[in-house]
Amino acid sequence: MSGFNSLILLLFCFSCCSVVAQSPPENILFVGNSYTYYWNLPQQLAAMAESQDIQLSCHQSTIGGANLGQHWRGDRELKTVEYITSSMYDAVILQDHSRRSIEHPDSLQHFGELLGELAQQKEARVFLYMTWAREWDPYMMEPIQEQYMSLAKRTGARVIPVGPAWARARVLRPDIRLYHEDGSHPSNVGTYLTACVMFAVLTARSPVGLTHRLMSEDKHGQKLYLNILTPENARFCQKVAEEIVGEFAN
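Residues numbered from 1 in each chain as written. Predicted model: local features only at pLDDT ≥ 70, side-chain atom pairs only at ≥ 80, totals over all residues. Heavy atoms only, no water.

(A) Quick look at the overall build of the protein. Helix and strand counts for the protein come out as eleven helices and seven strands. Since a compact globule built from 250 residues should have a radius of gyration of about 18 Å, the 19 Å found for the protein is in line with a globular shape. Once the C-alpha set of the protein is aligned to its principal axes, its extents read approximately 65 × 45 × 45 Å. The 250 residues of the protein split such that 47% are buried. For the protein, long-range pairs separated by at least 24 residues make up 73% of all intrachain contacts whose partners lie at least 6 apart in sequence. For the protein, the accessible area works out to roughly 12,500 Å², and carbon and sulfur atoms hold 52% of it. Side chains of the protein give 21 positive and 26 negative charges; the mean places of these two sets differ by 2 Å. (Helix = DSSP H or I, 4+ residues; strand = E, 2+ residues; numbered from the N terminus. Rg over C-alpha atoms; globule rule 2.2 N^0.38 Å. Buried < 20%, exposed > 50% of the residue type's maximum accessible area, 1.4 Å probe, protein only. Contact = heavy atoms within 4.5 Å. Areas by Shrake-Rupley, 256 points an atom, 1.4 Å probe, with all protein chains shown as cover. Lys, Arg positive; Asp, Glu negative; His and termini not counted. Charge placed at Lys NZ, Arg CZ, Asp CG, Glu CD.)

(B) Just helix α9 (residues 162-172), in detail. Within the sequence span of α9, burial applies to V162, G163, P164, A165, W166 and A169. Where α9 is buried, its residues contact β4 (125-130), α8 (141-155), β5 (158-161), α10 (188-203) and α11 (231-249).

(C) A look at the side chain of Q44. Among the secondary structure elements, Q44 is positioned in helix α3 (residues 41-51). Sequence-distant contacts of Q44, that is, excluding residues within four places in its chain, are made with W39, T191, Y192, L214, L226 and N227.

(D) Quick peek at a nonpolar patch on the surface. Together, M215, Y225 and I228 make up a nonpolar patch on the protein surface, roughly 280 Å² of accessible area in all. Locating M215 in the fold gives a position in strand β6 (residues 213-217). (Patch = residues over 30% accessible without salt bridge, like charges linked within 9 Å, V, L, I, M, F, W, Y side chains within 5 Å. Salt bridge = Lys/Arg side-chain N within 4 Å of Asp/Glu carboxyl O.)

(E) Representation of the side chain of N233. Along the polypeptide, N233 turns up in helix α11. In this structure the side chain of N233 is engaged in a polar contact, spanning 2.9 Å, whose partner is the side chain of R173. What N233 contacts, discounting residues up to four positions off in sequence, is R173 and I176. (Polar contact = N/O pair within 3.5 Å; in protein donor to acceptor, adjacent residues only side chain to side chain.)

(F) Representation of the layout of surface pockets in the model. Taken as a whole, the second largest pocket encloses approximately 210 Å³ of empty space. For the second largest pocket, the full set of lining residues is Q43, A46, A47, E50, I54, Q55, L56, S57, M215, S216 and E217. Elements that contribute at least two residues to the lining of the second largest pocket include exactly α3 and β6. Among the elements that take part in the lining of the second largest pocket, α3 stands out by supplying four residues, more than any other. Across the lining of the second largest pocket, the residue classes break down as five nonpolar, four polar and two charged. (1 Å grid on protein atoms, 1.4 Å probe; cavity = no way out; pocket = protein on both sides within 12 Å on 5 of 7 lines; lining within 4 Å. Points joined across faces, edges and corners; volume = space filled by probe spheres on them. Nonpolar A, V, L, I, M, F, W, Y, C, P; charged D, E, K, R; others polar.)

(G) Just the pattern of salt bridges, in detail. A full pass over the atoms with the stated rule returns seven salt bridges. R99 is the partner of E103 in a salt bridge, and the nearest nitrogen-oxygen pair spans 2.7 Å. Using a relative accessible area of 45% as the deciding quantity, one classes E103 as partly exposed. In this structure, R177 engages E135 in a salt bridge whose closest nitrogen and oxygen atoms are separated by 3.0 Å. Taken together, the residues R177 in the loop between α9 and α10 and E135 in the loop between β4 and α8 connect sequence positions 42 residues apart. Here R177 falls in the partly exposed class, since its relative accessible area comes to 41%. In this structure E135 comes out as partly exposed when scored by relative accessible area, which is 26%. Taken together, the shared-partner salt bridges connect R168, E243 and E247 into one network.

(H) Spatial organisation of the packing of α9 against α10. Closest axis-to-axis distance for the α9/α10 pair is 9 Å, and the angle between their directions is 130°. When the axes of α9 and α10 are compared, the pair comes out oblique. Considering the relative orientation of α9 and α10, their crossing is right-handed. Of the residues in α10, those touching α9 at V162, A165, W166 and A169 are G190, L193, T194 and V197. When its residues are assigned to classes, the contact of α9 with α10 shows six nonpolar, two polar and no charged. (Axes fitted to C-alpha atoms, helices over the stretch in contact; angles between N-to-C directions. Parallel < 35°, antiparallel > 145°, perpendicular 65-115°, else oblique. Left-handed = near helix turned anticlockwise from the far one by under 90°.)

(I) View of the sheet that holds β5. The strand order across the open sheet built from five strands is β2-β1-β3-β4-β5, with neighbouring strands paired in parallel fashion. Both edges of this open sheet fall to β2 (57-62) and β5, since each of them pairs with a single strand only. Averaged over all adjacent pairs, the angle separating strand axes in this sheet is 25°, with direction ignored. Pairing geometry for β4 and β5, over four bridges, is parallel. Bridge pairing in β5 links M130 to P161. On the sheet, α8 packs against β4 and β5 and is oriented at approximately 170° with respect to β4. (Pairing = 2+ DSSP bridges.)

Right, dumping it as structure tokens:
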């Protein structure tokens, strides 16, 4: 191969790599419900990123029990469409009601596509927060995953495979408490695992080695402890998140 052709090939490869290896988003809008705001998930994610000198400005449009149709229509005083069209965000994370993909899959597909297209029109990357099965019904995970993967394929969005990470963690460590007492919402450990998966997807970095103490500050500059895990449980969550995200990236 001539020197000129080698140079062209090198430039082509560099260009391709540049497209694939996108930098982390700076301003993120979480669209969802209590599965998003329990244990201050957006703030925990931001704290994880900050510990690695990555600045993620996390905002949310959430209300308990909300589905994507309510977000789209502006029901219950939600202003999700207004927030997205403001063009303030370079990433939007969509999370539907935890049973929507099972009981009303057409609704997930329809409103997920509408919100995703709106975000993409504003040049924001779209991510789908794939949630988990209820504690008493692990078989929920299959239809949840099927519907979120279908939506991702149709819209070009990137899946954040939280549910599969929870399923893997439950098999490997049935002693670990991922759920709140209601068997639906996340515990502090479940939220930490969720944040690890999100960190890995959004930053394209391994979560292994992240701190097991997540802190922030209040408006007076005083410490806020968002989450504290044992080093053992934190490392377990980090490794599960790394494995699952790697599998979904292939």
